[in-house]
Amino acid sequence: MNLDILKETFAVFVRAHGMDRHFRRFGIDMFLNTPNKDVPQSIAENLATASMTDPAVLLNQLNSRADGLTEQESEDIRAKVGPNEVGHEKPMSWWVHLWQCYKNPFNLLLTILAAVSYYTEDMKATIVIGTMVVLSTLMRFIQESRSNTAADKLKEMVSNTATVSRHDVVEDIAAEAQRYFDIRLHPKGAKRVEVPIKELVPGDIVQLSAGDMIPADLRLLTAKDLFISQAAMTGESLPVEKFIEHRGEPTTNPLELENLCFMGTNVVSGSATAVVVTTGQRTYFGALAERVTATDRTPTAFQSGVNKVSWLLIRFMFVMTPIVFFINGFTKGDWVEAFLFGLSIAVGLTPEMLPMIVTSTLAKGAVALSRKKVIVKRLDAIQNFGAMDVLCTDKTGTLTQDKIFLERHTDILGEPNDEVMQYAYLNSYYQTGLKNLLDVAVLEHAELQREMSIASVYRKVDEIPFDFQRRRMSVVVSEREDHHELICKGAVEEIVSICTHARNNGEIVPFTPELLAEIRETTASLNAEGLRVVAVAAKDLPPTKEVYSVADESDLVLIGYIAFLDPPKESTKPALAALRDHGVTVKILTGDNELVTAKICRQVGLEVDGMMLGSQVEKMSDAELSEIVDKTTVFAKLSPTHKERIVRVLHDKGHVVGFMGDGINDAPALRAADIGISVDTAVDIAKEAADLILLEKSLMVLEEGVLEGRKTFANMLKYIKITASSNFGNVFSVLVASAFLPFLPMLPLHLLVQNLLYDVSQISIPFDNVDKEFLEKPQRWNPGEIGRFMVYFGPISSIFDISTYALMWFVFGANSVDHQTLFQSGWFIEGLLSQTLIVHMIRTKRIPFLQSRASWPLMGMTIVIMAIGILLPMSPLASYFKLEALPLSYFPWLVVILLAYGGLIQWMKGWYDRRYGWQ
């Protein structure tokens, strides 16, 4: 592969996964703005041929028809071509997954140590180290497999779908019946069905509207004001208009063909019908993704933190192991034994269970979140969920009930008016684009008032779809063929800007400054009542054409307003209070009116410290916006780019930003946020951009998810802190013993068995309880804190290890090579018990067992491992492990040492908390 192809395929992959923002954040534009031209020649030629082929001929070549395939035809084709999935979406085979679980630095290091033990004929050490590797790998494999299975089942609940036309076989029967028997049947015609994107096949007829992901490579058959965002493919931020024919210069670059749409892009506005040309690996994006499936996502802050701690411990092991080896070699004179002991120290310093603990904790968190109606698309997002300190959300459906009611329909001065309702109903009824909650409310209100019969006397001529720049949409209808009526509804200021007249008391009057002032006063009064106001305008046109465009939205007559009530949810007020108590600041980012938003905020108890409009944001530089963004609670009348920019500025200020949205206009902000949150009813592009999917659009659900994220992070942090400090202390103890004892403080086998038992005791940490105070504020990853904690708490264990040396040496007379087994047995028990108990001491800043109790799985595992540690030297297996039974008088001393150890640790926790804080 040459450098240009490598650059361009990597660039496409980066953009498609929303990773370009990470590169640009560091000023690295690289080659992300260069359209990709290099795909396999056959794919480029197939797409170019499809673009130039007559639609009827293309449908025939694909064995399809204008109203789509039948269900059986679709299944037959899928059996031949396979599912519509690209390479990096396909699940790994079990053996590849097992290999991925094995190949981490810790397992590779232990494998090398096991091989060395084998070649030095130390089979016991080989077996113990091998058991560690197998245990670590299998536990991770099992946990990840369970997690992936559960996640796949959950994702099926929110999987993206495509609207396809299904041919009705009854039509074929009807045609044959008329042809041969002159019998007339009346089939219902093609039906539209929602199917999972992965089930699409070449020949399927797909219906597209605003917010849809392009599910495969498509050739357009019909299109109306269709604008596609191809940023994932080309880096071009502006949407591209598509047509049913290629209107530009002849080209061999498929991306420049104006009647093709590509998998991985999305519909910004407009509507279309298209036929699927290629799916899966045979798509343009699939061919590129196949070349870069080995490319990993940019590591998150959490992944980077875990990696830093892992390599810190590995470097520590590489430094300390040779020191221990040389000290024992010089002082004992047995270099082989010293070498084996050094290997055992290396094993003891390797946190081989870390990958399994991280995976298990995240997997448990994902399952727990699913019970709280939160689906995790990416496991690493759980940590960001817990670290989130700013939540940006829209108003509709989050603070409010997501059930809008049409409260009033008035003329331009606020008086009730039925004519406005009729115009609004025709507009909502005939539009085929993205029907939002306002349209649903209009249609439902009309049905209640039995006004829907009006549509039967009209014929739809055309429509001009909604987009977020115009913030309005129009339909053109004809009641009588002697004229057309253009009916437009949208944001008040946008509608007023294209009107020149208004209908007042049945008369059409021109706009005057006085009339415009009255209009503004009327709409502001409605907004102040908490009503969302949409203006309705119309004009008559001669029936001289059938196709209309945005240019026709001019010189309209303002008819009046429809006002909607979006009442706040009962759960919103307590949810906002709970988020505030847990250190999460809520900011409202909405495209709605500022007066309506302010009223809703007052109703739900959200204190508005500052308010800013999109027009003000537009005029500010990033530096100016950064100065004010923390002081502002409500941002109103925002465009999609405004939302994205606000989220980015908050992130750059050091906040962990969550964004919750469900619309097309939310997708850029969802990608820019540290954690994108959407709902299962969201448009495709919003769900695709999100890290988490809520099955219930509620801040209460979100607050519960935040707490679960913090619990998950807390338990991961416990293992890392416990392992780091324990390993650090053990090295000090070994160095002292190696320097002053005439024999090894423990045999290599003892160290390995002790380490194996300790590892087993850690398996239940992901299921541990978390103290309430740890959940009260956002928790962030701080690798520097781990190093400091290790330095302060690690050496404490050495004090009591050395006390155990003195006990065994002076009290029990284990002060010669002949009595080294007794010495080693005494330290084996004390070392294992102190390591196991430290879990309970460091898991909380409270007094363990009294003020804070571990979960039953962790408590039970601790008891089992301690029992094994005590009984092993007393059992018939003692001689096999080169241990011996200890006198009963040893155990009172052991209790005193452990109590003193616990007391000193408790005192140190208080001192450390006062000075540095307890994370």
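Residues numbered from 1 in each chain as written. Predicted model: local features only at pLDDT ≥ 70, side-chain atom pairs only at ≥ 80, totals over all residues. Heavy atoms only, no water.

A. Highlighting the packing of helix α13 (residues 335-348) against helix α28 (residues 748-761). Where α13 contacts α28, the two axes come as close as 8 Å, and the packing angle between them is 10°. In terms of their interaxial angle, α13 and α28 are classed as roughly parallel. For the pair formed by α13 and α28, the contact residues are Glu337, Leu340, Phe341, Ser344, Ile345, Val347 and Gly348 on the first element and Pro748, Leu751, Leu752 and Asn755 on the second. (Axes fitted to C-alpha atoms, helices over the stretch in contact; angles between N-to-C directions. Helix = DSSP H or I, 4+ residues; strand = E, 2+ residues; numbered from the N terminus. Parallel < 35°, antiparallel > 145°, perpendicular 65-115°, else oblique. Contact = heavy atoms within 4.5 Å.)

B. Spatial organisation of the state of the cysteines. Summed over all chains, the structure comprises 0 disulfides. A disulfide-free cysteine, cysteine 499 has its sulfur positioned 7.6 Å from the sulfur of cysteine 488, the nearest such atom. A relative accessible area of 7% means that cysteine 499 is categorised as buried. (Disulfide = S-S within 2.5 Å. Buried < 20%, exposed > 50% of the residue type's maximum accessible area, 1.4 Å probe, protein only.)

C. Summary view of helix α32 (residues 890-916). The terminal C-alpha atoms of α32 lie 38 Å apart, and with 27 residues this matches the ideal 39 Å at 1.5 Å per residue to within 8%. Within α32, the full set of buried residues consists of Tyr890, Phe891, Leu894, Ile897, Leu898, Tyr901, Gly902, Ile905, Met908, Lys909 and Tyr912. The secondary structure elements touched by the buried residues of α32 are α29 (783-811), α30 (820-842) and α31 (856-871). At the exit of α32 stands glycine 917, carrying a positive phi of roughly 90°. (Expected span 1.5 Å × (residues − 1).)

D. Inspection of the sheet that holds strand β9 (residues 390-393) at higher detail. The sheet built from 8 strands is open, its strands ordered β8-β23-β22-β21-β9-β18-β20-β19 with mixed pairing. Looking along the sheet, the strands with just one partner apiece sit at the ends: β8 (374-376) and β19 (611-613). Averaged over all neighbouring strand pairs, the angle between strand axes comes to 20°, with direction disregarded. Here strand β21 (residues 657-660) runs beside strand β22 (residues 675-679); their pairing, made up of 3 bridges, is parallel. Across the sheet, residue methionine 660 finds its bridge partner in β22, namely isoleucine 677. (Pairing = 2+ DSSP bridges.)

E. Region of the structure containing the environment of phenylalanine 881. Within the secondary structure, phenylalanine 881 is located in the loop between α31 and α32. Among residues more than four places away in sequence, those in contact with phenylalanine 881 are Leu749, His750, Val753 and Leu872.

F. Summary view of the pairing of strand β17 (residues 556-565). Of all 10 residues in β17, 9 are buried; the element is thus mostly enclosed. Of the strand pairs in this sheet, strand β10 (residues 405-410) and β17 are connected by 5 bridges, and their pairing is antiparallel. Among the inter-strand pairings, phenylalanine 405 is bridged to a residue of β17, identified as leucine 565. With 3 bridges connecting them, strand β14 (residues 499-504) and β17 associate as parallel partners. Bridged to cysteine 499 within β17 is leucine 556. Note that strand β16 (residues 531-541) and β17 share 8 bridges and pair antiparallel. Paired with leucine 531 across the strands is leucine 565, a residue of β17.

No statement about biological role is implied by the geometric values presented.
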